[in-house]
Amino acid sequence: MFQRVVPEAPSRPQGGGRRRDGDREVPAAIVFVATSGCTWQQLPSASFGPSGATAHRRFSEWSKARVGAKLHRLVLDELGARGELDWSRCAIDSVNMQALKKGDLTGPNPVDRGKFGSKIHLITERTGLPLSVGISGANMHDSLGLEPLVRGIPPIRSRRGPRRRRPGKLHADKGYDYVHRRRWLRGRGITHRIARRGIESSQRLGRHRGTVERTMAWLAGCRRLHRRDDFLAFVSIACTLICYRRLAK
């Protein structure tokens, strides 16, 4: 599956030079960096083969080619073909992460004394598998991420029938409680279940929102996200790993 999305290795017309590390050893090294949170220099090359510099260089090449996002989609396709995706009740939420060194896609967090950070926006299917993910500054309101996330769900294979990219029902908390957001969802044929401000508690959404919150905890297990560099690429890797674990069962 990985070979279908990785760019071809550059040719060496004149030959010579060291043998290029294989596209099997390097992904294992990148996953280790993502999950352990270590720096590229700390990568134990004796265990994986490629050095930290080589793994970082290949990671940068693949990030530019959006290999992580493409691989995430391929894994979703395989899960969909097996009937492992439940579109009946999807959920949307976001989580803030600090960015001590600032950088791209960051902003002052209004609920954390203005400390700079980023916000991960996520839509999951009923069991918690991530379907669509986005990154913004921590100062972006949750509701602004709803339309881009829904549009960002790729057309995913189904066990029977055409590809699917629309949830049956979308659960959300009070941060998404706006008339125009509800109207937009209805216009796309999506039933919404959004907690109403001043009327009902977000707790009534119960287990359906609990699944997306659990997925956020799974993302936090990708320790490299807390270092903030190459943030978007590592978020794609984390989503792919979550889906692949289900596929490997």
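On a predicted model such as this, the values are computed, not experimentally measured, just so you know.

So, about the overall build of the chain. In terms of helices and strands, the chain carries eight helices and six strands. For the chain, the succession of helices and strands along the chain, N to C, is α-α-α-α-β-β-β-β-α-β-α-β-α-α. For the chain, the proportion of its 249 residues judged to be buried stands at 46%. Across the chain, every contact between residues at least 6 apart in sequence was considered, and the portion connecting residues at least 24 apart equals 63%. Roughly 13,300 Å² of accessible area belongs to the chain as shown, and the carbon and sulfur atoms make up 49% of that amount.

Once that is clear, we can look at the pairing of strand β1 (residues 90-98). One ladder, built from two bridges, connects β1 with strand β5 (residues 169-172); its direction is parallel. Bridge pairing in β5 places Ala91 opposite His171. Direction of pairing for β1 relative to strand β3 (residues 116-124): antiparallel, over a ladder of eight bridges. Within the sheet, the bridge partner assigned to Asn96 lies in β3 and is Lys119.

This model, assessed by the stated rule, comprises seven salt bridges. The closest approach of N and O atoms between Arg82 and Glu78, which form a salt bridge, is 3.2 Å. Judged by its relative accessible area of 38%, Arg82 is partly exposed. Of the residues examined, Glu78 reaches a relative accessible area of 24% and is grouped as partly exposed. Across the pair Lys119 and Asp142 runs a salt bridge whose closest N-O atoms are separated by 2.9 Å. One end of the pair, Lys119, is in strand β3; the other, Asp142, is in the loop between β4 (130-137) and α5 (146-151), with 23 residues separating them in the sequence. A single burial state applies to Lys119 and to Asp142, both of which are buried. Taken together, the shared-partner salt bridges in this structure form one network comprising Glu147, Arg151 and Arg181.

Let us look at the side chain of Thr211. Position of Thr211 among the secondary structure elements: in helix α7 (residues 206-220). By relative accessible area, which is 14% here, Thr211 ends up buried. Those residues in contact with Thr211 that lie beyond four places of it in its chain are Thr124, Glu125, Arg126, Thr127 and Gly128.

For the rest of this paragraph, the subject is a positive patch on the surface. Residues Arg73, Arg164, Arg165, Arg166 and Arg188 make up a contiguous surface patch of positive charge. Mapped onto the fold, Arg188 is located in the loop between α6 (179-187) and β6 (191-194).

What follows is about α6. By the burial criterion, the buried members of α6 are Arg181, Arg182, Trp184 and Leu185. Buried residues of α6, seen end-on, are gathered within an arc of 160° and therefore sit on one face of the element. Opposite its buried face, α6 presents the exposed residues Val179, Arg186 and Gly187, each directed more than 90 degrees away. Tucked into the core, α6 has its buried residues touching α5, β5 and β6. Two residues or fewer past α6, Gly189 is found with a positive phi of approximately 75°.

If you want to describe how two helices pack, look at the angle between their axes and the distance between the axes. Running from N to C, helix α4 (residues 67-81) and helix α8 (residues 231-248) cross one another at 20°; their axes reach a closest spacing of 9 Å. Put simply, α4 runs roughly parallel to α8. The hand of the α4/α8 crossing is left-handed. The residues of α8 that touch α4, namely those facing Gly68, Ala69, Leu71, His72, Val75, Leu76, Glu78 and Leu79, are Ser236, Cys239, Thr240, Cys243, Tyr244, Arg246 and Leu247. In terms of residue class, the contact of α4 with α8 is built from nine nonpolar, four polar and two charged.

Scoring rules and cut-offs
- Residues numbered from 1 in each chain as written.
- Predicted model: local features only at pLDDT ≥ 70, side-chain atom pairs only at ≥ 80, totals over all residues.
- Heavy atoms only, no water.
- Helix = DSSP H or I, 4+ residues; strand = E, 2+ residues; numbered from the N terminus.
- Buried < 20%, exposed > 50% of the residue type's maximum accessible area, 1.4 Å probe, protein only.
- Contact = heavy atoms within 4.5 Å.
- Areas by Shrake-Rupley, 256 points an atom, 1.4 Å probe, with all protein chains shown as cover.
- Pairing = 2+ DSSP bridges.
- Salt bridge = Lys/Arg side-chain N within 4 Å of Asp/Glu carboxyl O.
- Patch = residues over 30% accessible without salt bridge, like charges linked within 9 Å, V, L, I, M, F, W, Y side chains within 5 Å.
- Lys, Arg positive; Asp, Glu negative; His and termini not counted.
- Charge placed at Lys NZ, Arg CZ, Asp CG, Glu CD.
- Arc of directions from axis to C-beta.
- Axes fitted to C-alpha atoms, helices over the stretch in contact; angles between N-to-C directions.
- Parallel < 35°, antiparallel > 145°, perpendicular 65-115°, else oblique.
- Left-handed = near helix turned anticlockwise from the far one by under 90°.
- Nonpolar A, V, L, I, M, F, W, Y, C, P; charged D, E, K, R; others polar.

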